[in-house]
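# An overview of the molecular structure
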Amino acid sequence: MSTAPHFLVTRARSLAAEVLAPLAQRVDQEGVPASSVEAVKRSGLLGVSAPVEYGGSAAPASVARETAEILAGACCSTWFVQTQHHTPVQTLAKSGLPVRERLLGPLARGELLSGVAYAQLRAYPRVPVRVTRERGGRRFYGTVPWYTGWGLNDIMLLAGLTDEGEALFAFTEAREQPGMRPSPPMRLAALSASRTVSLELDGLWLPEDAVALCTPYETWAATDRPKSTNASPAVFGVTASALDLLESPDADPAAKETGLVLRDRLDEVRRRAYELADHPVPAERIDERLAAKTRSYDVMRAATTAAIVAGGGRSIGLDSPAQRLAREGMFLLVQGQTAEVREAHLGSLGRLTT
């Protein structure tokens, strides 16, 4: 007996089919439009994991993963912009500080879209962004190397390291302001559409009531590490879209046969990766998580390469979905990469046989 899909999965499929996928090629070249962001806001997907009492859906992790797969497979650039939003929501849901009551509801209901600027914390012991105390608030100094969604996000969750060795996260408006200056949008080989910039911080002052989290760096790092070792749902979404090209009605028999083989591999690694992601102790079985993550990359690379090969010379054109998916796959190889993930992935590639 089949079970009806969660209502957010149904909404994600409609959003993907009606808005994101039809625009994906254009978005890839011109940028994520505000209309796509508004459609995501209206869908309810921004509150997928947020508490019900604040307007969210408190959906299971399996639903959050499936909706992410659907969005990434339809338009990876739009997925990447909106996926930043979920970390601020989760941070506020766990926060006991005043900013929770001010922002969690609007974020959970999709009234505001948030970006994040915290990956620089993973550079420790380097301190790209330093935070000091000053007159009832905090000042931020340094450089945020990557910030996605500039001009699309309403607010951002900004992080830095205090002189006391704490990881501090605080909210501010996602706009140029005294003490914060964006670079021009970066030209990237993939996902330039996501409007990614770097941010120069020269004494940006934020009030104390903007702080959402302040905890010893070691405590934050211990909870952050397992997240990067799990396979990303976006990898499975892009892989599935590449396989859809191979298995399309007008594809030749060799492409379809390859697609069927790779579909079995995708199902296998996806099942294994999600079993590990659902393990009750996030910091355990790290080696197994990394193995599943690198295996997911192998299958994605094979699927996107097969789609390029099946398309022949047409795949080189910028209007080719296969070529776009291959570039999106390249991006996902390094998205959220840590030194530990890079070492595991390179080790896996070094063991490939000819």
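Structure shown above.
Description of the structure in this document. Since this is a predicted model, take the numbers as computed values, not measurements.

## Digging into helix H4 (residues 76-83)
A large share of H4 lies buried, amounting to seven of its eight residues. Taken together, the buried positions of H4 are occupied by Cys76, Ser77, Thr78, Trp79, Phe80, Val81 and Gln82.

## What to know about the pattern of salt bridges
Inspection of the entire model under this criterion finds 22 salt bridges. Close ionic contact of Asp28 with Arg327 constitutes a salt bridge, the shortest N to O distance being 2.5 Å. With Asp28 in helix H1 (residues 7-30) and Arg327 in helix H11 (residues 321-334), this residue pair connects regions lying 299 residues apart in the sequence. For Asp28, a relative accessible area of 10% gives the class buried. Between Glu101 and Arg100 there is a salt bridge, with its nearest N and O atoms 3.6 Å apart. One network of salt bridges, with partners in common, ties together Arg272, Glu275, Arg285 and Glu288.

## A few points about the nonpolar core
Soluble globular proteins tend to pack their nonpolar side chains together in the buried interior. Leu15, Val32, Leu71, Trp79, Phe236 and Leu332 are the most contacted members of the largest nonpolar core, which has 59 residues in total. When residues of this core are traced back to their parent elements, those giving at least two are H1, helix H2 (34-43), helix H3 (61-74), H4, helix H8 (233-246), helix H9 (253-277), helix H10 (286-311) and H11. No other element matches H1, which puts eight residues into this core. When sequence neighbours within four positions are dropped, the list of residues in contact with Leu71 reads Ala12, Leu15, Leu20, Leu45, Cys76, Trp79 and Gln82. Core analysis: the second largest hydrophobic core is formed by 22 residues, Leu92, Leu121, Leu157 and Trp220 among them.

Rules and cut-offs
- Residues numbered from 1 in each chain as written.
- Predicted model: local features only at pLDDT ≥ 70, side-chain atom pairs only at ≥ 80, totals over all residues.
- Heavy atoms only, no water.
- Buried < 20%, exposed > 50% of the residue type's maximum accessible area, 1.4 Å probe, protein only.
- Helix = DSSP H or I, 4+ residues; strand = E, 2+ residues; numbered from the N terminus.
- Salt bridge = Lys/Arg side-chain N within 4 Å of Asp/Glu carboxyl O.
- Core = buried A, V, L, I, M, F, W, Y, C linked by side-chain atoms within 4.5 Å.
- Contact = heavy atoms within 4.5 Å.

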